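Overview (structure and organization)
This is what each chain is made of:
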Amino acid sequence: IDLLGDQKEVELPMKYEQGFIIAKVFLDGVIPLNLIFDTRAENTVIFERIMFDLLDIPLNGTLLILGADQNSYELGHIARRVPLQFEKG
């Protein structure tokens, strides 16, 4: 993966909110999203399946994410090699 192209460095604007590092990205260069930046994550998890369906991105599974109230769950959709572009600063 070539992250920098011909450049030696790239500045990516991020913000810190409630213990998370948030970066603005574009899904397939089209749909703006807020990404929770996690350097250990191997996959992309998105809660709105319609985003994958619109761009014909194959899903690799789903997972249940326990809500902060410790009682409710949200369904997350997993995909690999998702085409994300960062908004440059």
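Please refer to the structure higher up on the page.
One structure accompanies this document, and this report is about it. (Residues numbered from 1 in each chain as written. Predicted model: local features only at pLDDT ≥ 70, side-chain atom pairs only at ≥ 80, totals over all residues. Heavy atoms only, no water.)

1. A few points about the overall build of the protein chain
Scanning the protein chain for helices and strands turns up one helix and seven strands. With the C-alpha coordinates aligned to their principal axes, the bounding extent of the protein chain is approximately 45 × 30 × 20 Å. A burial count over the protein chain gives 19% of its 89 residues as buried. Taken as a whole, the protein chain presents about 7,300 Å² of accessible surface, with 51% of it coming from carbon and sulfur. A distance of 4 Å separates the average location of the 8 positive side-chain charges in the protein chain from that of its 14 negative side-chain charges. (Helix = DSSP H or I, 4+ residues; strand = E, 2+ residues; numbered from the N terminus. Buried < 20%, exposed > 50% of the residue type's maximum accessible area, 1.4 Å probe, protein only. Areas by Shrake-Rupley, 256 points an atom, 1.4 Å probe, with all protein chains shown as cover. Lys, Arg positive; Asp, Glu negative; His and termini not counted. Charge placed at Lys NZ, Arg CZ, Asp CG, Glu CD.)

2. Digging into the nonpolar core
Membership of the largest hydrophobic core is limited to ten residues, which are V25, L27, I31, L33, I46, M51, F52, I57, A79 and V82. Elements with a contribution of two residues or more to this core: β2 (20-27), β3 (31-36) and α1 (49-54). Apart from residues no more than four positions distant in its own chain, A79 is found in contact with N43, T44, F52, I57, P58 and N60. (Core = buried A, V, L, I, M, F, W, Y, C linked by side-chain atoms within 4.5 Å. Contact = heavy atoms within 4.5 Å.)

3. Concerning the pattern of salt bridges
Pairs can form between side chains of opposite charge once their charged atoms are near each other. Taken as a whole, this structure holds two salt bridges when the rule is applied. K15 is the salt-bridge partner of E17, the closest N and O atoms lying 3.4 Å from each other. On the basis of relative accessible area, K15 is assigned to the partly exposed category, the value being 44%. (Salt bridge = Lys/Arg side-chain N within 4 Å of Asp/Glu carboxyl O.)

4. Looking at the environment of D28
Mapping D28 onto the fold places it in the loop between β2 and β3. For the pair formed by D28 and L84, sequence separation is 56 residues and the distance between their alpha carbons is 5.7 Å. Here D28 is in contact with L55, P83 and Q85, once residues within four sequence places are set aside.

5. Concerning the sheet that holds strand β6 (residues 73-79)
Pairing between the strands of a sheet is mediated by backbone hydrogen bonds and can be parallel or antiparallel. Here three strands make up an open sheet; going across it, the order is β4-β6-β5 and the pairing antiparallel. The open sheet is flanked by β4 (44-46) and β5 (61-66), the only strands paired with a single partner. Averaged over all neighbouring strand pairs, the angle between strand axes comes to 40°, with direction disregarded. Here β4 runs beside β6; their pairing, made up of three bridges, is antiparallel. The partner of I46 across the bridge, within β6, is H77. (Pairing = 2+ DSSP bridges. Axes fitted to C-alpha atoms, helices over the stretch in contact; angles between N-to-C directions.)

6. Some thoughts on unusual backbone geometry
With phi around 55°, D28 is a residue other than glycine that occupies positive phi space. Look at D28 and you get partly exposed, because its relative accessible area is 36%. At D56, a residue that is not glycine, the phi angle is positive and equals roughly 55°. Along the polypeptide, D56 turns up in the loop between α1 and β5. Judged by its relative accessible area of 69%, D56 is exposed.

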